[in-house]
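Remarks on the overall topology
In case you want the letters, here they are:
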Amino acid sequence: MSPPPEMPPDGAGYAYRASAIGSAHRFALEDDGLSWRVGRRTGRWRYEDIVAVRMSYRPMSMQSHRFRTEISHRDGGRIIVMSTTWRTLSLMDAQSNDYRTFIVELHRRLAGHGARAMLAGGLNPALYVAGMGVLTLLCVAMTALLARAIMTGEWAGALFVVGLSALFGWQIGRFMRRNRPRAYTFDALPRDLLP
């Protein structure tokens, strides 16, 4: 096992806690590779051995402005970098600036070492299509409920359906819009997938 990565002072390091009771996940961008420590597991991946990077937007109830980057190694290993960290059992903090700096620097170093990583933004295409199918069915159902409420003169019910649809559409629409599947390049990271 390689030693745990040290946190460089120049923005080439990042750490977060994935859960309130777990240990910190630590990452360091070194001259020739990415060093990481997750709990008792440690590793060092050469930049050339990183085969994929997927960035996505992953809000949750305690932190609506939350982002995730998944980094895959050629041997099948995968590590996750989140833009938020747990501080206590009920408090989560955003680390937007540190996360953005780390992710941009990771891409710069991958490009500088000639890595041929697949760069993807958003959700897996199959998952995205399935989600759009479910949303279409929900839209049809809500439209039918609204039509039924109007036909029977249930104005309070119609107003409730309109309000619920607007709230749901605003929340889910933002999630689906940011997470549309796409490819990007090292010099043009998707701005809506960075804090």
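Residues numbered from 1 in each chain as written. Predicted model: local features only at pLDDT ≥ 70, side-chain atom pairs only at ≥ 80, totals over all residues. Heavy atoms only, no water.

In this section: the nonpolar core. Ranked by internal contacts, the top residues of the largest apolar core, which has 31 residues, are Phe27, Leu34, Ile50, Ile71, Val81, Phe102 and Ile103. Of all the secondary-structure elements, those providing two or more residues to this core are β1 (13-17), β2 (24-29), β3 (33-38), β5 (50-57), β6 (67-73), β7 (78-82) and α1 (96-112). In terms of residues, this core owes the most to one element, α1, which gives five residues. Once residues within four sequence positions are removed from consideration, valine 81 is found in contact with Tyr14, Tyr16, Phe27, Phe67, Arg68, Thr69, Ile71, Tyr99, Phe102 and Ile103. (Core = buried A, V, L, I, M, F, W, Y, C linked by side-chain atoms within 4.5 Å. Buried < 20%, exposed > 50% of the residue type's maximum accessible area, 1.4 Å probe, protein only. Helix = DSSP H or I, 4+ residues; strand = E, 2+ residues; numbered from the N terminus. Contact = heavy atoms within 4.5 Å.)

To locate leftover empty space, one rolls a probe as large as a water molecule over the atoms. Quantified by volume, the largest pocket comes out at close to 170 Å³. Lining the largest pocket, in full, are Leu135, Leu138, Cys139, Met142, Thr143, Leu164, Ser165, Phe168 and Gly169. For the lining of the largest pocket, the secondary structure elements donating two or more residues are α2 (125-151) and α3 (155-178). Residues of the lining of the largest pocket, tallied by class, amount to six nonpolar, three polar and no charged. (1 Å grid on protein atoms, 1.4 Å probe; cavity = no way out; pocket = protein on both sides within 12 Å on 5 of 7 lines; lining within 4 Å. Points joined across faces, edges and corners; volume = space filled by probe spheres on them. Nonpolar A, V, L, I, M, F, W, Y, C, P; charged D, E, K, R; others polar.)

Turning our attention to the pattern of salt bridges. Within the structure shown, the criterion is met by eleven salt bridges. Two residues, glutamate 70 and arginine 78, come together in a salt bridge whose shortest N-O distance is 3.7 Å. In this structure glutamate 70 comes out as buried when scored by relative accessible area, which is 17%. One connected set of salt bridges, linked through shared partners, spans Glu30, Asp32 and Arg44. (Salt bridge = Lys/Arg side-chain N within 4 Å of Asp/Glu carboxyl O.)

What follows is about a nonpolar patch on the surface. A cluster of nonpolar side chains, contributed by Val134, Leu138 and Phe168, occupies part of the molecular surface with about 250 Å² of accessible area. Among the secondary structure elements, phenylalanine 168 is positioned in helix α3. (Patch = residues over 30% accessible without salt bridge, like charges linked within 9 Å, V, L, I, M, F, W, Y side chains within 5 Å. Areas by Shrake-Rupley, 256 points an atom, 1.4 Å probe, with all protein chains shown as cover.)

With respect to the secondary-structure elements, arginine 66 resides in the loop between β5 and β6. As a buried residue without a salt bridge, arginine 66 has its nearest oppositely charged side chain in glutamate 70, at a separation of 12 Å. In terms of polar contacts, arginine 66 uses its side chain to reach the side chain of threonine 84, at 3.4 Å. Other than its neighbours up to four places away in sequence, arginine 66 contacts Tyr57, Arg58, Pro59, Met60, Met82, Ser83, Thr84 and Met92. (Lys, Arg positive; Asp, Glu negative; His and termini not counted. Polar contact = N/O pair within 3.5 Å; in protein donor to acceptor, adjacent residues only side chain to side chain.)

Time to look at the pairing of strand β8 (residues 84-88). Pairing analysis gives four bridges linking β8 to strand β9 (residues 91-94), with the strands arranged antiparallel. In the sheet register, threonine 84 faces β9, and the bridge partner there is alanine 94. The turn joining β8 and β9, which pair antiparallel and follow one another in sequence, is formed by two residues. (Pairing = 2+ DSSP bridges.)

For the rest of this paragraph, the subject is the environment of methionine 118. Following the sequence through the fold, methionine 118 ends up in strand β10 (residues 118-121). Taking C-alpha positions, methionine 118 is 4.5 Å from alanine 52, a pair spaced 66 residues apart along the chain. Ignoring anything within four residues of it in the chain, the contact list for methionine 118 reads Val51, Ala52 and Val53.

So, on to α3. When the terminal C-alpha atoms of α3 are compared, their 34 Å separation across 24 residues agrees well with the 34 Å that a helix rising 1.5 Å per residue should span. Within α3, burial applies to Ala158, Val161, Met176 and Arg178. Residues of α3 that are buried make contact with β5, β6, α2 and β11 (182-183). (Expected span 1.5 Å × (residues − 1).)

Next up on the list: the pairing of β6. Where burial is concerned, most of β6 is hidden: seven out of the seven residues are buried. As defined by bridge partners, β5 adjoins β6 across seven bridges and the pair is classed as antiparallel. Across the sheet, residue alanine 52 finds its bridge partner in β6, namely serine 72. Bridge analysis of β6 against β7 gives five bridges, and the strand direction is antiparallel. By the bridge assignment, arginine 68 is partnered in β7 with methionine 82. Here β6 hands over to β7 after four residues, with glycine 76 in that stretch at a positive phi of 100°.

Purely spatial values, then, with no claim about function.
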